[in-house]
Amino acid sequence: KRGMDLGLAIVLILLFVPVLAIMALGIKFTSKGPIIFKHDRVGKGGRIFQVYKLRSMYFEDNEKRTRRDADQSQVTIIGKFMRRFSVDEIPQLINVVKGEMSLVGPRPHVVSEVAEYEHWHRRRFDVLPGITGLTQVSGRKDLKVECERVKEGMESREEGTQR
């Protein structure tokens, strides 16, 4: 799996160089601040690493942002395009090359969200986080952080052990 991740990530980086160049120019000419946004996330084994993204928000707002439900007025014009087509995620291929992420796996969560995890949520730290996974193909932002079906299943399992 690591070999496939590494090989595909390198090929994809090379293929996306023109897109990254256009997006970098768009970011630079439409707002101040860095092109790449780095954010602490929790990965395999609970280790904290920096995930790379193309900056889609105004720079001063990036510093305050802790949740994915940011006010849309904070998102730049080019950021709206990048988010719609997930172009802002392309730099995470660097995380894959570095071995911090895989192409497919559970998305890495923000450090502050992990503090709210139940014990069973922490199973996600058994594997490398991924650029894409079940959440991305199941509706992304339309899903709650806690899938209701999983939560209900865990609650009924707990009730069964208490009887």
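The structure under discussion appears in the preceding block.
No experiment lies behind these values; they were computed from the predicted model shown. (Residues numbered from 1 in each chain as written. Predicted model: local features only at pLDDT ≥ 70, side-chain atom pairs only at ≥ 80, totals over all residues. Heavy atoms only, no water.)

The next subject is the side chain of Ser-31. One can find Ser-31 in the loop between helix H1 (2-30) and strand S1 (36-42). Separated by 2.9 Å, the side chains of Ser-31 and Arg-55 make a polar contact. Sequence-distant contacts of Ser-31, defined by excluding residues within four places in its chain, comprise Arg-55, Tyr-58 and Thr-76. (Helix = DSSP H or I, 4+ residues; strand = E, 2+ residues; numbered from the N terminus. Polar contact = N/O pair within 3.5 Å; in protein donor to acceptor, adjacent residues only side chain to side chain. Contact = heavy atoms within 4.5 Å.)

What follows concerns unusual backbone geometry. Despite not being glycine, Ser-86 has its phi angle at roughly 60°, a positive value. On the secondary structure map, Ser-86 appears in the loop between helix H3 (77-84) and helix H4 (92-97).

It is worth spelling out empty space enclosed by the protein at this point. Scanning all chains against the criterion turns up 2 cavities of 30 Å³ or more. By volume, the second largest cavity is sized at about 30 Å³. For the second largest cavity, the full set of lining residues is Val-42, Gly-43, Pro-106, Arg-107, Pro-108, Arg-124, Phe-125, Val-127 and Pro-129. Residue composition of the lining of the second largest cavity, by class: 6 nonpolar, 1 polar and 2 charged. (1 Å grid on protein atoms, 1.4 Å probe; cavity = no way out; pocket = protein on both sides within 12 Å on 5 of 7 lines; lining within 4 Å. Points joined across faces, edges and corners; volume = space filled by probe spheres on them. Nonpolar A, V, L, I, M, F, W, Y, C, P; charged D, E, K, R; others polar.)

Turning our attention to the pairing of S1. Direction of pairing for S1 relative to strand S2 (residues 48-54): antiparallel, over a ladder of 7 bridges. Bridging across to S2, Arg-41 finds its partner in Phe-49. In textbook terms, the turn of a hairpin is the stretch between consecutive antiparallel strands, and for S1 and S2 this stretch comprises 5 residues, one of which, Gly-45, has a positive phi near 75°. Of the strand pairs in this sheet, S1 and strand S4 (residues 109-110) are connected by 2 bridges, and their pairing is antiparallel. Bridging from a neighbouring strand, Arg-41 pairs with Val-110 of S4. (Pairing = 2+ DSSP bridges.)

Here we come to the packing of H1 against H3. Remark: H1 packs on H3, axes separated minimally by 9 Å, with the N-to-C direction vectors making an angle of 150°. Here H1 lies roughly antiparallel to H3, going by the angle between them. Only Ile-78, Phe-81 and Met-82 of H3 make contact with H1, whose side of the interface consists of Met-23, Gly-26, Ile-27 and Thr-30. Looking at side-chain class alone, the contact of H1 with H3 contains 5 nonpolar, 2 polar and no charged residues. (Axes fitted to C-alpha atoms, helices over the stretch in contact; angles between N-to-C directions. Parallel < 35°, antiparallel > 145°, perpendicular 65-115°, else oblique.)

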